[in-house]
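Close look at the chain arrangement
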Amino acid sequence: MTLIRPQLMQPLRRLESKSACPYCGTGCGVIIEHDGQHITGVRGDPDHPANFGQLCSKGSNLHLSSTGEDRAREPLQRQRGSEDWSPLNWSEALTQMARTWAGIIHTQGPQAVAFYVSGQLPTEDYYLVNKLAKGFIGTNHIDTNSRLCMASAVTGYKSSLGMDSVPCCYEDLDSADCLFIVGANVAYAHPILFRRIEAAKQRRPELRIIVADPRRTPTAAIADVFLPIQPGTDVALFHGMLHILIWEGLVNRAFIEAHTEGWEELKARVQNYTPQRVAETCAIPLADLRAAALAFGQAPAALSLWCQGLNQSSHGTDKNVALINLHLATGQIGRPGAGPFSLTGQPNAMGGRETGGMPALLPGHREVANPEHRAEIAEIWGVESLHPQPGYTAVPLFQALERGEIETIWITCTNPVLSMPDQTQVQRALKKSRLVILQDSYLGTETAAYADLLLPAASWGEREALVTNSERRITHLQTAVPAPGSALPDWVIFRDFAFALGEALDALDHPLPGTRDASWADRARRMFDFADSADIFLEYRECTRGRDLDITGLDFSVLDELGPQQWPYPQGAQAGQVRLYADGIFPTPSGRARFRSPEYLGVAEEIDARYPLRLTTGRLRDQWHSMSRTGKVAALFTSDEEAFLEIHPDDAHRLNLSSDVLARVSSRRGSNILRVRINADLQPGLIFAPMHFGRRFAPAALCNQLTLAAVDPVSGEPEFKHTAVRVEPVIFPWQGTVLRLNDQDIYFHAAQRIARQFPYASLSRTRRGEREGFILRLAGEQAPAAGEIHAWDQVLGMDGIDILDYDDGRRGVRKRLCIRGNQLHAARLFGEDATRDWLRELLLSAADVQSYRHALFAPKVPVDIGAWVGSRGVCACTGVDERTLRQSIEAGALTLSQIAQVCGAGGECGSCKPEILDIIRRVRQEVS
């Protein structure tokens, strides 16, 4: 990659470095603007083939997430039960870790230690930590949070096609004649790919788009056929479509006979999945089922896209292979615009799969259980042998930690206390662990509360790295700015720990497994003699030689000179391979793709009289994972500022719920309190809650306290997409709000601590132009004591001379306003907060409040000021809310271009376009 400097003889004011976005698996190219010390801005890289300069709302705000007081800057330790961290230097931290791990390995064996890492780690980190675990220590207990999103796609591809090799590319979006989107809200989870789909549909209106999803998400706004299937019925849907394709003579018999096996068994299976039976099972119109099947079968080129809706299931592998069956039966694979295309959830989940980043895998798409594969990697690593038993996947790993079978865990770049199912079990496991090591770039995550040691890792823009996106494209990221404090790249931490562990094992006279090395320290120095990322890449590259993902023709100079490249890229190649399986030969023993014939099975936890509603969880447009990055950016709270519960009007009426009230959602494992959103586009009986919010923003709304730990028996992926729950109103006699300009991070962190003291609280950032603040909403059984309120005023910086107070002890109403220079700086509205939205408007607009002094403590906004009603933001770039959009639509703006001209929404990054279309649709329905 190129570091672009100003012309010689000019002051060094502005630098630019090429990188890639660290969010979803789209892999968008990013140009980082910086001064050599600080990141000052970002823009899309027009030369990167994943995005051609476009960025979504998250990517375009990346520069705002890279700094702050919550960055990890030095190793820290603390005693169990204490919230106070003590600093260590790196030598002390690694020595302490190594002695504990060496003692466990010496007395209980290497299977008593475990790693849990992340699809956000670059390829070199993934490779090195796997070499450390499987090659040096000898444990296969190393899994990744990719287990929570992509594991079923891996097992589906391997089962049907022979290898975990995505056969498609982004160019196929431009040439497909039929696009089948199932279990993926592409508009939210992969916005830049959705921009490409929108452009393809606009360019070729004849492109048929089918969307299958239990929810009518913004992605469905572009669909020609929408199939609102019941949760978990995907296998029945795919079998029913195949039944119709067979009946209508739309299968490709020549392809089936020449390139597949297992057809007769599958054909016999789907005979039972008649259109009528499938329509009833999925609860969709029979005509729509037929329309979808015929659109897929009659298309010259059919492409399917899927993500967590298929993968996050106790039958995720079955769903994947049943979808791939449709492509094999019609020969829709290996050609432009055709194929089964899984969309990756994280920026380098693909790289983790390539390097063997799961407990049953080894580098180069090899298997732990395969003796030849173990021998090949043992030879490359220079060790006698590798452990033959695959390690625990994520859910069983944390269960083993709770049992005491695993003594210690090293968690890297992920937040399992928030992201794992059955959250309370994970918390119990970490409490029981002898030593919890957390390696992260940010302090204060939910998992940090359970860590004994915290190791600071360099983050995006602060280190060199390699990542692979959803279309097998490898991008080389260069360092732009130094990491804060003594933070290090993850691979350096793993390497230096190996050195320390070698010395600690020698001190215990722990026996070496062979005679190749004189000591464990010697072995560590030999195995981890890496000076930089390029050294690691050269060794990893050799692991791919002759494999399906062969990249022996790549090095950093090729990537820098030619740009991001797709694999395979073997030695002597001039370019990467765009599509796989064009010759109809598959990496199976027979060379044929395999039809699989799963039976449709229901969800792991069915609804019943006690838990009669179906909860599904998912992503929001402007937040990502557990909000370690996106939660720092006020603009990204515009569309959804707090956790919520979406529910159909019929269910809301039956349960006596109205919009904006609080509801308790309970499962067999726990309960949440969420604010209600009524959505007529949702199915009756189905509710939705976002996955992102943790105790930092919504301590009463942790949705993974509800989800269950049922996993797919093949992939080990949990069933996040369906939980049986009940919902009931919850009424708190007391409520309150704090509004404040966020001029110092300490006040936001103080608000987080206050929030955890209430049965319900939500904390979010808010912004208007250059002014940023936060809003803390609270609810409880009784009003806080005056002494508590006074203490909170102090820690929130709401005491001093510019204060107006209103106290009505009899009614329990206590209000405080901080006014500086005739502008509202902060407000506390306890016991009465109906003026919340109006006061927030005054605070963020920097309005002169002198003329409003008579109304500032009013119980509601006076009539002479006008009605002030909160409205959900839609456009994160411009701050345009739904009320403004509705007004524009009612005034005659009925297209995206007209909306952009009238109010600006949708005219920048474009992430909000699907929602604008959805609002236009709803306004038209209301008018009609």
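Think of each chain on its own: its residues are numbered from 1, step by step along the sequence as written. Local features are withheld for residues below a pLDDT of 70 in this predicted model, meaning they are given only at 70 or higher, and side-chain atom pairs are given and counted only at 80 or more; totals for whole chains, interfaces and linings count all residues. Side-chain metrics in this entry use all non-hydrogen atoms of the structure; hydrogen atoms and water are not considered.

Before going further, it helps to examine the overall build of the protein chain. Numbering goes from the N terminus for both helices and strands, where a helix is a DSSP run of H or I of at least four residues and a strand is a run of E of at least two. Within the protein chain, the regular secondary structure consists of 29 helices and 35 strands. Computed over C-alpha atoms, the radius of gyration of the protein chain comes to 28 Å, within 12% of the 30 Å expected from 2.2 N^0.38 for 928 residues, which places it in the range of a compact globule. When its C-alpha atoms are laid out on the principal axes, the protein chain stretches across 80 × 70 × 70 Å. Contact definition: two residues touch when any of their heavy atoms are within 4.5 Å. Taking the intrachain contacts of the protein chain between residues at least 6 apart in sequence as the baseline, contacts between residues at least 24 apart amount to 71%. Here the accessible surface of atoms and residues is derived via Shrake-Rupley with a 1.4 Å probe, and residues count as covered only by protein chains that are part of the display. Of the roughly 32,600 Å² that the protein chain leaves accessible, carbon and sulfur atoms contribute 49%. If you average the places of the 95 positive and of the 108 negative side-chain charges in the protein chain, the two averages end up 3 Å apart. Only C-alpha atoms enter the radius of gyration; for comparison, a globular chain is expected to reach 2.2 Å times N to the power 0.38, where N is the number of residues. Positive: Lys, Arg. Negative: Asp, Glu. His and the chain ends are not part of the count. The location of each charge is read from NZ of Lys, CZ of Arg, CG of Asp or CD of Glu.

Right, let's get into the side chain of His 190. You can see His 190 is positioned in the loop between α5 (186–189) and α6 (191–203). The exposure class assigned to His 190 is buried, which follows from its relative accessible area of 2%. Filtering out sequence-adjacent residues up to four positions away, His 190 remains in contact with Cys 24, Gly 25, Thr 26, Asn 185, Cys 307, Leu 343 and Thr 344. Exposure categories follow from relative accessible area, calculated using a 1.4 Å probe and restricted to protein chains: below 20% of the type maximum is buried, above 50% is exposed, and the middle band is partly exposed.

The next thing to look at is the sheet that holds strand β30 (residues 734–741). Taking strand neighbours across the sheet as the criterion, the six strands line up as β31-β32-β30-β35-β34-β33 in an open arrangement whose pairing is antiparallel. Strands with a single pairing partner mark the edges of an open sheet, and in this sheet they are β31 (760–768) and β33 (803–808). Between one strand axis and the next, the sheet turns by 15 degrees as a mean value, whatever way the strands run. Looking at chain direction, β33 and strand β34 (residues 813–820) are connected through six bridges and run antiparallel. What makes two strands pair is DSSP finding at least two bridges between them. Between N-to-C directions, angles span 0 to 180 degrees; the directions come from axes that are lines fitted to C-alpha atoms, helices contributing only their stretch in contact.

Turning our attention to the nonpolar core. Of all hydrophobic cores here, the largest spans 83 residues; its most connected members are Phe 180, Ile 197, Leu 237 and Leu 242. Looking at this core, the element that brings in the most residues is helix α7 (residues 234–247), giving nine residues. Excluding anything up to four places from it in sequence, Leu 242 contacts Val 251, Trp 263, Leu 266, Val 270, Leu 326 and Ala 329. Core analysis: the second largest hydrophobic core is formed by 65 residues, Val 117, Leu 121, Leu 128 and Met 527 among them. Each nonpolar core is a collection of buried residues, namely Ala, Val, Leu, Ile, Met, Phe, Trp, Tyr and Cys, held together in the definition by side-chain atoms within 4.5 Å.

Turning our eyes to something else, we now look at the packing of aromatic side chains. Centres within 6.5 Å make a pair out of two Phe, Tyr or Trp rings, where for Trp the six-membered ring is used; the pair is then stacked when the planes are under 30 degrees apart, edge-to-face when over 60, and tilted otherwise. Taken as a whole and assessed by the stated rule, the structure comprises 29 aromatic pairs. Ring centres 4.8 Å apart and planes at 80 degrees place the aromatic pair Trp 410 and Phe 497 in the edge-to-face group. Taken together, the positions of Trp 410 in strand β17 (residues 408–412) and Phe 497 in helix α19 (residues 490–507) put the pair 87 residues apart, joining distant regions of the chain. Residue classification places Trp 410 among the buried positions, given a relative accessible area of 0%.

Moving on: the sheet that holds strand β20 (residues 465–468). Here we have three strands laid out as an open sheet, ordered β20-β21-β22, and antiparallel in their pairing. What marks the edges here is a single partner per strand, and that holds for β20 and β22 (565–566). Sheet analysis places β20 next to strand β21 (residues 473–477), joined by four bridges and oriented antiparallel. Bridge pairing links Val 467 to Thr 475 in β21.

As for its placement among the helices and strands, Gln 332 is situated in the loop between α13 (316–330) and β14 (339–342). In sequence terms Gln 332 and Ala 299 are 33 residues apart; their C-alpha atoms lie 9.3 Å from each other.

With that out of the way, let us pick up the environment of Ile 551. Within the element layout of this structure, Ile 551 appears in the loop between α21 (533–543) and α22 (556–562). With relative accessibility at 2%, the residue Ile 551 sits in the buried group. For Ile 551 and Asp 651, which are 100 residues apart along the polypeptide, the C-alpha to C-alpha distance reads 54 Å. Those residues in contact with Ile 551 that lie beyond four places of it in its chain are Ile 474, Phe 537, Tyr 540, Arg 541, Thr 544, Trp 567 and Tyr 569.

Multiplying 1.5 Å by the residue count of a helix minus one yields the expected span of that helix. For α19, with 18 residues, the first-to-last C-alpha span of 26 Å sits near the 26 Å given by 1.5 Å per residue. Among the 18 residues in α19, 13 count as buried, and that is most of the element. At the exit of α19 stands Asp 509, carrying a positive phi of roughly 55 degrees.

Here β31 lies mainly inside the structure; seven of its nine residues are buried. Bridge count between β31 and strand β32 (residues 771–780): nine bridges; the pairing is antiparallel. The residue bridging Ala 761 from the neighbouring strand is Leu 778, located in β32. Between the end of β31 and the start of β32, which pair antiparallel, lie two residues, with Gly 769 showing a positive phi angle near 60 degrees.

Our next topic: the pattern of salt bridges. The working definition used for a salt bridge is a side-chain nitrogen of Lys or Arg within 4 Å of a carboxyl oxygen of Asp or Glu. Overall, the coordinates contain 70 salt bridges when judged by the stated rule. Close ionic contact of Glu 171 with Arg 579 constitutes a salt bridge, the shortest N to O distance being 4.0 Å. Taken as a pair, Glu 171 in the loop between α3 (151–161) and α4 (172–175) and Arg 579 in the loop between β22 and β23 (593–594) lie far apart in primary sequence, 408 residues in all. Here Arg 579 falls in the buried class, since its relative accessible area comes to 18%.

A few words on the side chain of Asp 164. Residue position: Asp 164 is located in the loop between α3 and α4. Judged by its relative accessible area of 4%, Asp 164 is buried. Within the structure, the side chain of Asp 164 is placed 2.6 Å from the side chain of Arg 353, a separation counted as a polar contact. Discounting residues that sit within four places of it in the chain, Asp 164 has contacts with Val 154, Tyr 157, Lys 158, Arg 353, His 365 and Trp 567. Each polar contact in these results corresponds to two N or O atoms within 3.5 Å; when the atoms are within protein, one needs to be able to donate a hydrogen and the other to accept it, and residues that are neighboring in sequence are counted only if both atoms are side-chain atoms.

Among the ten residues of β32, nine are classified as buried, and the element is accordingly described as predominantly covered. Where β30 and β32 come together, eight bridges link them in antiparallel fashion. The residue bridging Trp 734 from the neighbouring strand is Gly 780, located in β32.

This part is about the packing of helix α16 (residues 394–403) against helix α18 (residues 423–432). Contact geometry of α16 with α18 gives a least axis separation of 8 Å together with a crossing angle of 45 degrees. Accordingly, the angle class assigned to the pair α16 and α18 is oblique. Note that α16 runs across α18; the crossing there is left-handed. Contacts between α16 and α18 involve Phe 398, Gln 399, Leu 401, Glu 402 and Arg 403 from the former and Gln 425, Val 426, Arg 428, Ala 429, Leu 430 and Lys 432 from the latter. All amino acids are sorted into three groups, where Ala, Val, Leu, Ile, Met, Phe, Trp, Tyr, Cys and Pro are nonpolar, Asp, Glu, Lys and Arg are charged, and the leftover types, Gly among them, are polar. Of the residues contributing to the contact of α16 with α18, the split by class is five nonpolar, two polar and four charged. By definition in this entry, angles of less than 35 degrees are roughly parallel, angles greater than 145 are roughly antiparallel, angles of 65 to 115 are roughly perpendicular, and the rest are oblique. Crossing handedness is defined as follows: a turn of the near helix away from the far one that is anticlockwise and smaller than a right angle gives a left-handed crossing, while the clockwise case is right-handed.

Tracing the chain through its elements places Leu 763 in strand β31. Overall, Leu 763 belongs to the buried group, its relative accessible area being 1%. A sequence separation of 506 residues divides Leu 763 from Glu 257, and the C-alpha atoms of the two residues are 59 Å apart. Setting aside anything within four residues of it in sequence, one finds Leu 763 in contact with Phe 637, Glu 641, Arg 696, Phe 697, Phe 748, Ala 751, Gln 752, Phe 774, Ile 775 and Leu 776.

This part takes up the confidence of the model for the protein chain. Of all residues in the protein chain, 98% attain a pLDDT of 70 or more, and the chain-wide mean is 95. A score between 0 and 100, pLDDT records how confident the predictor is in each residue. Predicted confidence for residues 1–10 stays below pLDDT 50, and this span has 22 contacts to residues more than four positions away or in other chains.

What follows deals with unusual backbone geometry. Along the chain, Trp 567 connects to Pro 568 via a cis peptide bond; the corresponding omega equals 5 degrees. Within the chain, His 365 stands out as a residue other than glycine whose phi angle is a positive 55 degrees. With respect to the secondary-structure elements, His 365 resides in the loop between β15 (361–362) and β16 (366–367). Under the relative-accessibility criterion, His 365 is labelled buried at 7%. Unusually for a residue other than glycine, Cys 413 sits at a positive phi of about 60 degrees. Topologically, Cys 413 is positioned in the loop between β17 and α17 (416–419).

Attention now moves to the state of the cysteines. Disulfides are defined as pairs of cysteine sulfur atoms found within 2.5 Å of each other. For the coordinates displayed, the defined rule picks out zero disulfides. Of all cysteine sulfurs in the structure, the one in Cys 169 sits closest to Cys 168, which takes part in no disulfide; the separation is 7.3 Å. By relative accessible area, which is 0% here, Cys 168 ends up buried. There is no disulfide at Cys 307, and the cysteine sulfur nearest it, in Cys 149, is 7.1 Å away.

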